[in-house]
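Chain by chain, the residues run as shown.
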Amino acid sequence: MTSAKGNNPGGLPVGQHWIEKWPARTAEGAPDIDPKSWSLAVTGLAEIPVALTLREVQELGAIEIVRDFHCVETWSVPNNRWKGVPVHRILEMAQLAPEARYALVRSPGGYETDLLLGVLKRPDTILAWERNGEPISREHGYPLRLIVPDLYAYKSAKWVSEIELVVEDRPGFWEERGYHRGADVWSGERFEKDTA
Ligand SMILES: Nc1nc2c(c(=O)[nH]1)N[C@H]1C(S)=C(S)[C@@H](COP(=O)(O)O)O[C@H]1N2
Ligand SMILES: [Mo]
């Protein structure tokens, strides 16, 4: 516990506590990734299939956001300055089919998480490669990880290599094991049974 205060006007979400050191939390083991051959693919209900190298993603125009990071297991890391590209820019390139409603965001090791497209298109939902001016390390998702600020961090997939656009929601790795599909930290959406 620290006296640190997050930057969000809502303060600390209910049931969370601040920690200072950023832990690594990985279900599948960090993949060995060569950034030169790395690519991000948009698949499924896109008119234009998109595959981008890391450099191509970075050239879409980086933004910086300062946001707290909340794991559903109750720890929160305040005031992270993330640098990355808003996901909506990549989705615009792919020209989504009108029936697309959800996205499955995947990592090569098998981790995935499901998100409403509306959440993925928020201006502060980004694919990030830097935190506090440093490249994001391998254990934290190098070269590219999702950051979805107001959702519990199991939605912020590390090592993102694919965004699949679908009509029907399908539970991701933790969602299949009971975590909430919405995951909004301000309404405490921790377990699906809380609202089901
Ligand atoms: N690929 C992948 N992404 C993941 C996870 C994972 O196990 N694998 N864990 C999620 C969970 S539960 C949390 S709390 C955050 C932790 O991010 P960190 O390890 O950078 O702290 O990553 C999320 N993204
Ligand atoms: Mo987590």
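Our structure is the block above this text.
Description of the structure in this document. (Residues numbered from 1 in each chain as written. Chains lettered and ligands numbered in written order. Predicted model: local features only at pLDDT ≥ 70, side-chain atom pairs only at ≥ 80, totals over all residues. Heavy atoms only, no water.)

### Concerning the pairing of strand E4 (residues 63-70)
For step 1, the next point in the chain: Where E4 and strand E5 (residues 75-86) come together, seven bridges link them in antiparallel fashion. By the bridge assignment, Ile-63 is partnered in E5 with Gly-84. (Pairing = 2+ DSSP bridges. Helix = DSSP H or I, 4+ residues; strand = E, 2+ residues; numbered from the N terminus.)

### Topic: the sheet that holds strand E2 (residues 39-44)
For step 1, the next point in the chain: What the five strands build is an open sheet, ordered E3-E2-E11-E6-E7; its pairing is mixed. The outermost strands of the open sheet, each flanked by one partner alone, are strand E3 (50-53) and strand E7 (112-116). Each neighbouring strand pair of the sheet contributes to a mean axis angle of 15°, computed without reference to strand direction.
For step 2, the next point in the chain: Note: strand E6 (residues 102-106) against E7, five bridges, orientation antiparallel. Within E7, the residue paired with Leu-104 across the bridge is Asp-114. (Axes fitted to C-alpha atoms, helices over the stretch in contact; angles between N-to-C directions.)

### Describing the side chain of Gln-16
For step 1, the next point in the chain: Secondary-structure assignment places Gln-16 in the segment before strand E1 (17-18).
For step 2, the next point in the chain: Here the side chain of Gln-16 touches Cys-71 through a polar contact of 3.0 Å, landing on its backbone oxygen.
For step 3, the next point in the chain: Excluding its chain neighbours within four sequence positions, the residues that come into contact with Gln-16 are His-70, Cys-71, Val-72, Thr-74, Trp-75, Ser-76, Tyr-152 and Arg-190. (Polar contact = N/O pair within 3.5 Å; in protein donor to acceptor, adjacent residues only side chain to side chain. Contact = heavy atoms within 4.5 Å.)

### Brief notes about the environment of His-180
For step 1, the next point in the chain: Checked against the element boundaries, His-180 lands in the segment after helix H4 (173-176).
For step 2, the next point in the chain: Through-space distance from the C-alpha of His-180 to that of Glu-192 is 4.1 Å; in sequence the pair is twelve residues apart.
For step 3, the next point in the chain: Side-chain polar atoms of His-180 contact the backbone nitrogen of Gly-182, separated by 2.8 Å.

### Notes on the environment of Trp-22
For step 1, the next point in the chain: On the secondary structure map, Trp-22 appears in the loop between E1 and E2.
For step 2, the next point in the chain: Distance in space between the C-alpha atoms of Trp-22 and Trp-38 is 25 Å, their sequence separation being 16 residues.
For step 3, the next point in the chain: Apart from residues lying up to four places away in sequence, Trp-22 is in contact with Phe-69, Trp-75, Val-77, Trp-82, Arg-131, His-140 and Arg-145.

### Quick word on helix H2 (residues 87-94)
For step 1, the next point in the chain: Of all the positions in H2, only Val-87, Ile-90, Leu-91 and Ala-94 are classed as buried. Angularly, the buried residues of H2 cover 100° about the axis, an arc narrow enough to put them on a single face.
For step 2, the next point in the chain: Directly beyond the C-terminal end of H2, a positive phi value near 50° is found at Gln-95. (Buried < 20%, exposed > 50% of the residue type's maximum accessible area, 1.4 Å probe, protein only. Arc of directions from axis to C-beta.)

### Brief notes about the site of ligand 1
For step 1, the next point in the chain: Looking at ligand 1, there are 21 residues lining it, with Pro-23, Ala-27, His-140, Arg-145 and Lys-158 nearest.
For step 2, the next point in the chain: A distance of 2.5 Å separates an oxygen atom of ligand 1 from a polar backbone atom of Pro-23.
For step 3, the next point in the chain: Separating an oxygen atom of ligand 1 from a side-chain N or O atom of Arg-145 is a distance of 2.6 Å.
For step 4, the next point in the chain: Under a 2 Å grid-point criterion requiring more than half of the atoms, the pocket assigned to ligand 1 is the largest cavity.
For step 5, the next point in the chain: Taken together, the residues of the shell around ligand 1 break down into 13 nonpolar, four polar and four charged. (Near = heavy atom within 4 Å. 1 Å grid on protein atoms, 1.4 Å probe; cavity = no way out; pocket = protein on both sides within 12 Å on 5 of 7 lines; lining within 4 Å. Sits in = over half its atoms within 2 Å of the grid points. Nonpolar A, V, L, I, M, F, W, Y, C, P; charged D, E, K, R; others polar.)

### Observations regarding the packing of aromatic side chains
For step 1, the next point in the chain: According to the stated counting rule, one finds nine aromatic pairs in the structure shown.
For step 2, the next point in the chain: For the ring pair Tyr-111 and Phe-173, a centre distance of 5.6 Å and an interplane angle of 35° mean the geometry is tilted. Separated by 62 residues along the polypeptide, Tyr-111 in the loop between E6 and E7 and Phe-173 in helix H4 bring together distant segments of the chain.
For step 3, the next point in the chain: Relative accessible area serves as the criterion here: at 10%, Tyr-111 is assigned to the buried category.
For step 4, the next point in the chain: For Phe-173, a relative accessible area of 21% translates into the label partly exposed.
For step 5, the next point in the chain: The rings of Tyr-111, Tyr-154, Phe-173, Trp-174, Tyr-179 and Phe-191 are connected pair by pair, giving a single aromatic cluster.
For step 6, the next point in the chain: The ring of Phe-173 carries the charged tip of Arg-177 above its face, separated from the ring centre by 3.8 Å. (Phe/Tyr/Trp six-rings, centres within 6.5 Å; stacked < 30°, edge-to-face > 60°. Lys NZ or Arg CZ within 6 Å of the ring centre and 35° of its normal.)

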